[in-house]
Amino acid sequence: MPAVPVCDALGQPIAAADAQARIASLVPSLTETLFALGLRQHLVARTGFCVHPRAEVRAIPKVGGTKDVHLDALRALQPTHVLVNIDENTRETVDALRTFVPHIIVTHPQAPQDNLSLFDQLGAAFGSLPGVTERVAALRQQLQAVLEEVQTRPGAPRKVLYLIWRDPWMTVARDTYISQSLAAVRWHTLPEVLGGDGLHQPGRTRYPVFDWSADWFGAVDEVLLSSEPYRFGARHAAEVRSLLAARGLHPTVRCIPGEWASWYGVRAIDGLRQLAALAR
């Protein structure tokens, strides 16, 4: 029987690349993962937000941001493959890419375990290149071990508010990758809302706005201020404590690296370990 093809997030079969592959990554998590798979020599473009691995990535040409890709600059680099993500890149960008890029791989991990499928997708695309199949297998093994490790760690569940933006204040719905990463270490996000998968339910709100008068604040055990996309710092943590104290509430408030909860691919392996250690 023929092998079942591996498909991307849109159900498009992924074709194996050849030795002339020229890859553009428009997703920071995926750029870092391509390096981990040994694909540096095939990577021809990245966004300005693709900052890992810090030393090596500087040599890769930048083509704008995740939402504002410089299409002419990217076209000039003649990519054969472009990696995108449903949450991070716009549909308009992807539609424009289809006019000049032979292979577009659309990704959409929504929980830490989805990284196993993500590794399989990258393996299907680039496994014919030297060493990639072995590195994919190693990453899958490492991630599986971390998933099992965090599931068996002791610890009581806690309710958390995870902040990603200020003015307006924004958090995450429970069916986002961020919320599911936190849930893996028994941190359950509030408010208890679902935003839809961003693909079949595009009208739903995956990153809801809230105000400080919401009645669910009384259940919050901890507030986490992410370093991205908004660069929260100590003065913002003090502001949040003040806003909560005005309501007679005093949960723990702290800043954390956003990469721990929001970056997938290879970063998820260390990110989950860091979250689990912090949750203890």
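This text follows the structure it describes.
This write-up is about the structure you can find in this document. (Residues numbered from 1 in each chain as written. Predicted model: local features only at pLDDT ≥ 70, side-chain atom pairs only at ≥ 80, totals over all residues. Heavy atoms only, no water.)

## Comments concerning the sheet that holds strand 4 (residues 103–107)
No. 1: The sheet built from four strands is open, its strands ordered 2-1-3-4 with parallel pairing. Each edge of the open sheet carries a strand with a single partner, namely strand 2 (43–45) and strand 4. On average, each strand axis in the sheet is tilted by 30° relative to the strand beside it, whichever way the strands run.
No. 2: As paired elements, strand 1 (residues 23–25) and strand 3 (residues 81–85) share three bridges and run parallel to each other. By the bridge assignment, A24 is partnered in strand 3 with V82.
No. 3: The strands touched by helix 1 (residues 28–36) are strand 1, strand 2, strand 3 and strand 4; relative to strand 1, the strand with the most contacts, the crossing angle is about 140°.
No. 4: Running over the sheet, helix 5 (residues 114–126) touches strand 1, strand 3 and strand 4 and is turned about 170° from strand 4. (Pairing = 2+ DSSP bridges. Helix = DSSP H or I, 4+ residues; strand = E, 2+ residues; numbered from the N terminus. Axes fitted to C-alpha atoms, helices over the stretch in contact; angles between N-to-C directions. Contact = heavy atoms within 4.5 Å.)

## Quick notes on the pattern of salt bridges
No. 1: Taken as a whole and assessed by the stated rule, the structure comprises ten salt bridges.
No. 2: A salt bridge links E32 to R267; the nearest nitrogen and oxygen atoms lie 2.5 Å apart. Taken as a pair, E32 in helix 1 and R267 in helix 10 (residues 267–279) lie far apart in primary sequence, 235 residues in all. A single burial state applies to E32 and to R267, both of which are buried. (Salt bridge = Lys/Arg side-chain N within 4 Å of Asp/Glu carboxyl O. Buried < 20%, exposed > 50% of the residue type's maximum accessible area, 1.4 Å probe, protein only.)

## Considerations on the packing of helix 5 against helix 6 (residues 132–152)
Relative orientation and spacing of two packed helices are given, respectively, by the angle between their axes and the distance between those axes.
No. 1: The interhelical angle for the contact between helix 5 and helix 6, taken along N-to-C directions, is 180°, at an axis separation of 9 Å. The pairing of helix 5 with helix 6 is recorded here as roughly antiparallel in orientation. Here N115, L116, F119, D120, G123 and F126 of helix 5 lie close against helix 6, whose contacting residues are V132, V136, L139, R140, L143 and Q144.
No. 2: Grouping the constituent residues of the contact of helix 5 with helix 6 by class yields seven nonpolar, three polar and two charged. (Parallel < 35°, antiparallel > 145°, perpendicular 65-115°, else oblique. Nonpolar A, V, L, I, M, F, W, Y, C, P; charged D, E, K, R; others polar.)

## So, the environment of Q78
No. 1: Note that Q78 resides in the loop between helix 3 (71–76) and strand 3.
No. 2: Note: C-alpha distance between Q78 and L122 (44 residues apart in sequence) is 20 Å.

Note that every value here comes from positions in space, so none of it alone points to a role or purpose.
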